[in-house]
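Given next are the chains, with one letter for each unit.
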Amino acid sequence: MVPRLVRSSVPSKGSPTQPNSGESGFLARFSASDEQREWFSPSPAGYERGRTKFVVVIGTVMSGLGKGIFSSSLAKLLQDKGLAVAPIKMEGYLNIDSGTLNPFRHGEVFVLADGLETDMDLGTYERILDQDLSRRNFITAGQIYGEILDRERRGDYLGRDVQMIPHVTGSVKLRLRELAMTGGPNGTPADVVFVEVGGTAGDYENGFYIEALRELAFEEGSESTCFVALTYILEPATLGEQKSKAAQLGIKRLMESGVQPHVIACRATNPVGEKVMQKIGMFSNVPMKRIFSMHDRESIYVIPDDMRANGLDREILSILNLHDRVKVTHEDKARRTWNDFSSKLSTPRARRVTLGIMGKYASLRDAYASIDKAVEHCGVHLNATIDLKWLDTSSLDTTGKVAATLKDVDGIIVPGGFGQRGVEGKLRCVEHARTTKLPFLGICLGFQMAVIEYARHVLGLTDANSTEFDPSTSHAVISELPDQKKLEGIVGGTMRLGGQDVLLESESFAARLYGSTTVRERFRHRYEVEPSFIEALQAAGLHFSGRHPHHPIMQVLELCASDHPCFLAAQFHPELTSRPLRPQPLFMGLAAAAIVRKYPDAVRDTTVARWLNSPAAVAAH
Ligand code: GLN
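Residues numbered from 1 in each chain as written. Predicted model: local features only at pLDDT ≥ 70, side-chain atom pairs only at ≥ 80, totals over all residues. Heavy atoms only, no water.

Asker: So what exactly am I meant to see when it comes to the site of the ligand here?
Answerer: Around the ligand sit Gly-416, Gly-417, Phe-418, Cys-444, Leu-445, Gln-448, Glu-468, Arg-524, His-525, Arg-526, Tyr-527 and His-573, and those are all the residues in its vicinity. Separating an oxygen atom of the ligand from a side-chain N or O atom of Gln-448 is a distance of 3.1 Å. Measuring from an oxygen atom of the ligand, one finds a backbone N or O atom of Tyr-527 at 2.9 Å. Within the complex, 99% of the 300 Å² of free accessible area of the ligand lies under protein. (Near = heavy atom within 4 Å. Polar contact = N/O pair within 3.5 Å; in protein donor to acceptor, adjacent residues only side chain to side chain. Areas by Shrake-Rupley, 256 points an atom, 1.4 Å probe, with all protein chains shown as cover.)

Asker: How do you make sense of the pairing of strand E2 (residues 85-91) when you look at a structure like this?
Answerer: The two faces of the sheet receive side chains in turn, since in a regular strand these alternate between them. Most of E2 sits out of view: seven of its seven residues are buried. By the alternation rule, side chains of E2 split into Val-85, Pro-87, Lys-89 and Glu-91 and Ala-86, Ile-88 and Met-90, which are all buried. Where E2 lies against strand E6 (residues 192-200), six bridges are found, and the strand directions are parallel. By the bridge assignment for E6, Lys-89 is matched with Glu-196. The sheet contact formed by E2 and strand E5 (residues 138-140) spans three bridges and is parallel. Bridging from a neighbouring strand, Lys-89 pairs with Phe-138 of E5. (Buried < 20%, exposed > 50% of the residue type's maximum accessible area, 1.4 Å probe, protein only. Helix = DSSP H or I, 4+ residues; strand = E, 2+ residues; numbered from the N terminus. Pairing = 2+ DSSP bridges.)

Asker: Sorry if this is basic, but what is going on with the sheet that holds E2 here?
Answerer: For sheets, the rule is that strands pair by backbone hydrogen bonds, running either parallel or antiparallel. Sheet architecture is open: seven strands sit in the order E5-E2-E6-E1-E7-E8-E9, paired in parallel fashion. In this open sheet, the two strands that pair with only one neighbour each are E5 and strand E9 (291-295). Neighbouring strand axes in the sheet, compared pairwise and without regard to direction, differ in orientation by 20° on average. Across the face of the sheet, helix H6 (residues 164-182) comes into contact with strand E1 (53-59), E2, E5 and E6 while running at roughly 155° to E2. The strands touched by helix H9 (residues 274-284) within the sheet are strand E8 (263-268) and E9, with E9 carrying the most contacts at an inclination of about 130°. (Axes fitted to C-alpha atoms, helices over the stretch in contact; angles between N-to-C directions. Contact = heavy atoms within 4.5 Å.)

Quick look at the structure:
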């Protein structure tokens with residue numbers, strides 16, 4: 001959905017270009033006299049220039065350098081010091097959000113609490129900062145142009161020609177300043193906004209972002225903006241040495257846009273040598289103390305500490321004159337907690353289990369990035385190495401093949417998905433998990449698969465299906481949400497999206513895992529359990545232990561029979577809320593059950609037992 005700037009009156013249809021008086025809505029956000037000037041740079045009411053600082057990360061040479069990881073780690077360093085940080089990702093594409101993007105090409109669609117479908121980098125920010133983000137933290141060129149064209153039709157530009165500069169750049173600056181005013185935790189002002197520009201310097205589609213940021217830095221004044229060029233150092237195997245030319249040319253390209261970087265971060269396979277850094281510094285006017293090697297590390301979680309050890313945080317604080325806002329005690333505590341997690345992560349662990357991810361995009365890890373991370377978090381907290389086996393269900397057309405494929409796994413996840421491909425294979429995997437007591441976690445489509453499987457094989461409704469896959473089935477146990485039916489033919493932005501409350505039954509496995517009966521999780525679906533089948537499914541032993549507080553929407557299911565170690569599924573996406581220091585409870589349930597399946601004596605381990613579906617084990621804990 002386009003975030004719209006509302007105004008109270010709409011010009012009459014016959015006069016679309018008629019200027020409005022400008023006393024409300026969009027124009028109220030900046031002074032009316034701005035309109036008469038050549039220059040046009042709206043600020044939200046009450047905005048104080050220079051109060052919030054901006055760190056801008058721009059890639060050069062090539063994309064895929066881990067700008068999101070770099071920028072979120074840097075933001076974390078400052079957050080640890082007690083500063084309020086607000087990240088923002090700027091995408092150059094014309095889509096309004098990431099909802100219609102194919103995960104095979106772009107990685108997973110990450111859904112925010114307010115329902116915006118975004119790029120997977122937003123997941124990285126939320127996880128590393130342990131901070132919920134919203135639509136204010138994600139801009140696409142499509143949003144900006146969409147807003148501007150809407151305003152133009154409403155006559156908001158008072159007869160002026162609408163241009164890339166100043167109007168498009170002005171809109172970008174307005175979004176950044178709005179974020180500065182409210183982007184801190186709980187809507188407080190941010191001390192520092194971290195801007196990640198998608199793509200690389202020199203791309204057509206992000207040029208207006210870079211220009212807007214150049215203008216912003218000029219307008220906000222000295223010590224307000226720190227530009228970081230993230231570049232790449234080549235190390236061709238045939239030469240066996242690092243070469244700086246591509247980096248120099250990339251940074252030069254950025255400087256041609258009027259941006260002088262303050263800091264240069266060099267991505268590379270190996271630590272970047274002194275000579276290479278000297279050359280880069282000389283050609284880009286950046287002193288050596290502000291050039292950093294960001295070579296490959298064994299884990300992303302050590303990057304913040306690495307940056308700190310090399311003094312990157314100090315340099316940023318000096319460039320932005322922020323030393324006064326640092327809270328040292330806050331930093332010590334935050335650092336200890338984080339380092340405890342990252343050192344556990346790198347310590348060899350006693351137990352090792354494997355989970356199968358029964359997906360459609362099995363060849364691309366990025367399509368399930370948050371599941372990958374959620375499982376990693378559990379492994380650290382349960383002191384076990386959890387390997388993931390990415391399995392494509394499209395070829396699992398017999399139960400024999402399923403059994404052979406799942407022979408070596410200790411549990412399975414059937415993740416979310418859309419469309420018919422691989423669905424029958426997924427159903428066979430659910431059946432296998434249910435009947436052989438293999439730990440199972442179904443997510444969104446995986447939840448729907450569990451309902452269909454139960455209806456077919458336990459209720460005996462042999463053609464039970466979802467109307468997504470068979471619109472003419474006589475037993476549509478999964479069907480379109482009533483609100484979605486009205487939106488037929490529209491693809492983007494038509495799903496039930498974002499954070500919703502889930503009521504859990506107090507004695508259920510799910511409630512024990514969460515330690516609570518009311519939770520909030522994030523959804524992204526168009527179909528749901530058909531209410532008329534709920535009673536029959538429940539009577540047959542499929543327990544809907546999580547529901548919508550007011551509507552008959554089923555949100556969590558589990559098997560009544562407590563002799564299954566873990567048969568859980570959720571209509572929401574639990575992977576989206578897992579954080580390094582706060583692992584997601586349903587994933588913990590699955591991981592603990594998988595560990596005990598392989599190592600039965602792990603029930604005596606209290607950190608594992610806490611997450612088991614066995615009242616005896618929980619009581620012992
Ligand atoms: N295709 C299903 C639906 O739209 C499941 C969606 C999902 O797994 N995210 O309801």
